[in-house]
Amino acid sequence: MINTFSQPVIDIKNLDHFFGSGEQRKQALFDINLEIYAGEIVIMTGPSGSGKTTLLTLIGGLRSVQSGSLKFLGQELCGATPRQLVKVRRQAGYIFQAHNLHGSLTALHNVRMGLEIHSQYSVKEMKEMATHILQEVGLGNRLNHYPDNLSGGQKQRVAIARALVNHPQLLLADEPTAALDSKSGRDVVTLMQKLAKEQGCTILLVTHDNRILDVADRTVYMEDGILKSNQLATAK
Ligand code: ADP
Ligand code: MG
């Protein structure tokens, strides 16, 4: 449910974004306005090159906001210092199309890496937290497996565990099912939905996969750098 009384997790106003400079300068985002509330699952669709990844990376503090306003939990990212951006990144979890796991580390160690940016935990605590979340994603019997010995769906579940082990406020997922068959893709999305609901985490998910649109509370559609539609899901 959208709670119109609470502060949005994400509040974007008149956001533009440009790549390159001089003659190469090209506008990738045009006057984006979008609010996302706590606990919402928002799915973003749109053709390749329409600006979805650009918008996602701006929201996650992975790229500097140039023009307009983008607030993450009330913190303005336009003109934010590198230190403020680091703080934002720590409050978000990321899942990409490719799982981006470290091939030389076990599943358990990959997930622990998600915690090592938070120095308040001891090694023992990190191991326990990583083990627990891997059990939750159904990989309790694969803790010491290396990515090469896991299926595509299992790797993406490790990536989910890594993204959620910190209990982030916001989960950003960029085409997380693109490399998976339809059954594994469905399972991965259902799992993200379940864990995020349990943790009270907000999700912004980019996908081309029409089969998973039903998990959304709201869908937004991007085309040519413009946010063309922003609709509440009807039948749920
Ligand atoms: P999508 O994720 O919807 O496929 P992107 O956000 O990746 O779209 O790209 C939007 C537009 O910005 C495209 O025209 C793309 O070529 C351009 N673009 C994306 N990243 C860069 C970059 N690092 N440098 C220059 N242009 C870029
Ligand atoms: Mg993209």
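The structure under discussion appears in the preceding block.
Residues numbered from 1 in each chain as written. Chains lettered and ligands numbered in written order. Predicted model: local features only at pLDDT ≥ 70, side-chain atom pairs only at ≥ 80, totals over all residues. Heavy atoms only, no water.

1. Structural notes on the overall build of the chain
Scanning the chain from terminus to terminus reveals six helices and ten strands. Here the chain has a C-alpha radius of gyration of 18 Å; the compact-globule value for 236 residues is 18 Å, and the two agree. A principal-axis box enclosing the C-alpha atoms of the chain has dimensions of 50 × 40 × 40 Å. For the chain, the proportion of its 236 residues judged to be buried stands at 47%. Here the analysis covers contacts within the chain between residues at least 6 apart in sequence; of these, 68% occur between residues at least 24 apart. (Helix = DSSP H or I, 4+ residues; strand = E, 2+ residues; numbered from the N terminus. Rg over C-alpha atoms; globule rule 2.2 N^0.38 Å. Buried < 20%, exposed > 50% of the residue type's maximum accessible area, 1.4 Å probe, protein only. Contact = heavy atoms within 4.5 Å.)

2. Topic: unusual backbone geometry
Positive phi values are uncommon outside glycine, yet Asp 31 reaches one of about 45°. On the secondary structure map, Asp 31 appears in strand S2 (residues 26–36). Note on Asp 31: relative accessible area 45%, which makes it partly exposed. A positive phi angle is found at His 167, which is not glycine, with a value near 55°. Following the sequence through the fold, His 167 ends up in the loop between helix H5 (152–164) and strand S7 (170–174).

3. Things to note about the sheet that holds strand S5 (residues 75–76)
Here four strands make up an open sheet; going across it, the order is S2-S1-S4-S5 and the pairing antiparallel. Edge positions in the sheet fall to S2 and S5, since each of these pairs with one other strand and no more. Alignment of strand S1 (residues 10–19) against S2, held across seven bridges, turns out to be antiparallel. In the sheet register, Phe 18 faces S2, and the bridge partner there is Gln 27. Contacts from helix H1 (residues 52–59) reach S1, S2 and strand S4 (67–72), with the element oriented near 120° to S1. (Pairing = 2+ DSSP bridges. Axes fitted to C-alpha atoms, helices over the stretch in contact; angles between N-to-C directions.)

4. Things to note about the sheet that holds strand S6 (residues 92–95)
With mixed pairing, the six strands of this open sheet are ordered in space as S6-S7-S8-S3-S9-S10. In this open sheet, the two edge strands, each paired with only one partner strand, are S6 and strand S10 (226–232). Each adjacent strand pair in this sheet contributes to an overall mean axis angle of 15°, direction not counted. Note that strand S3 (residues 41–45) and strand S8 (residues 202–206) share four bridges and pair parallel.

5. Some details on the site of ligand 1
The environment of ligand 1 is formed by Phe 19, Lys 26, Ala 28, Pro 47, Ser 48, Gly 49, Ser 50, Gly 51, Lys 52, Thr 53 and Thr 54. Contact between ligand 1 and Thr 54: an oxygen atom at 2.5 Å from a side-chain N or O atom of the residue. In the complex, the protein chains occlude 60% of the 560 Å² of accessible area that ligand 1 would expose alone. Elements supplying a minimum of two residues to the shell around ligand 1: S2 and H1. Tallied by class, residues from the shell around ligand 1 come to three nonpolar, six polar and two charged. (Near = heavy atom within 4 Å. Polar contact = N/O pair within 3.5 Å; in protein donor to acceptor, adjacent residues only side chain to side chain. Areas by Shrake-Rupley, 256 points an atom, 1.4 Å probe, with all protein chains shown as cover. Nonpolar A, V, L, I, M, F, W, Y, C, P; charged D, E, K, R; others polar.)

6. Details of the nonpolar core
Formed by 38 residues in total, the largest nonpolar core has its most connected members in Val 111, Leu 134, Val 137, Val 158, Ile 160, Leu 171 and Met 192. Counting residues in hydrophobic clusters, the runner-up holds 30 residues, among them Val 42, Ile 59, Leu 170 and Val 220. (Core = buried A, V, L, I, M, F, W, Y, C linked by side-chain atoms within 4.5 Å.)

7. Re the packing of H5 against helix H6 (residues 182–199)
Interhelical geometry of H5 versus H6 gives an angle of 15° and a closest axis separation of 10 Å. With respect to their mutual orientation, H5 and H6 come out roughly parallel. H5 and H6 meet at a crossing whose hand is right-handed. Here H5 contributes Gly 153, Gln 156, Arg 157, Ile 160 and Leu 164 to the contact with H6, which in turn contributes Ser 184, Val 188, Leu 191, Met 192, Leu 195 and Gln 199. Looking at the contact of H5 with H6, its residues break down into six nonpolar, four polar and one charged. (Parallel < 35°, antiparallel > 145°, perpendicular 65-115°, else oblique. Left-handed = near helix turned anticlockwise from the far one by under 90°.)

None of the figures reported here should be taken as evidence of function without further support.
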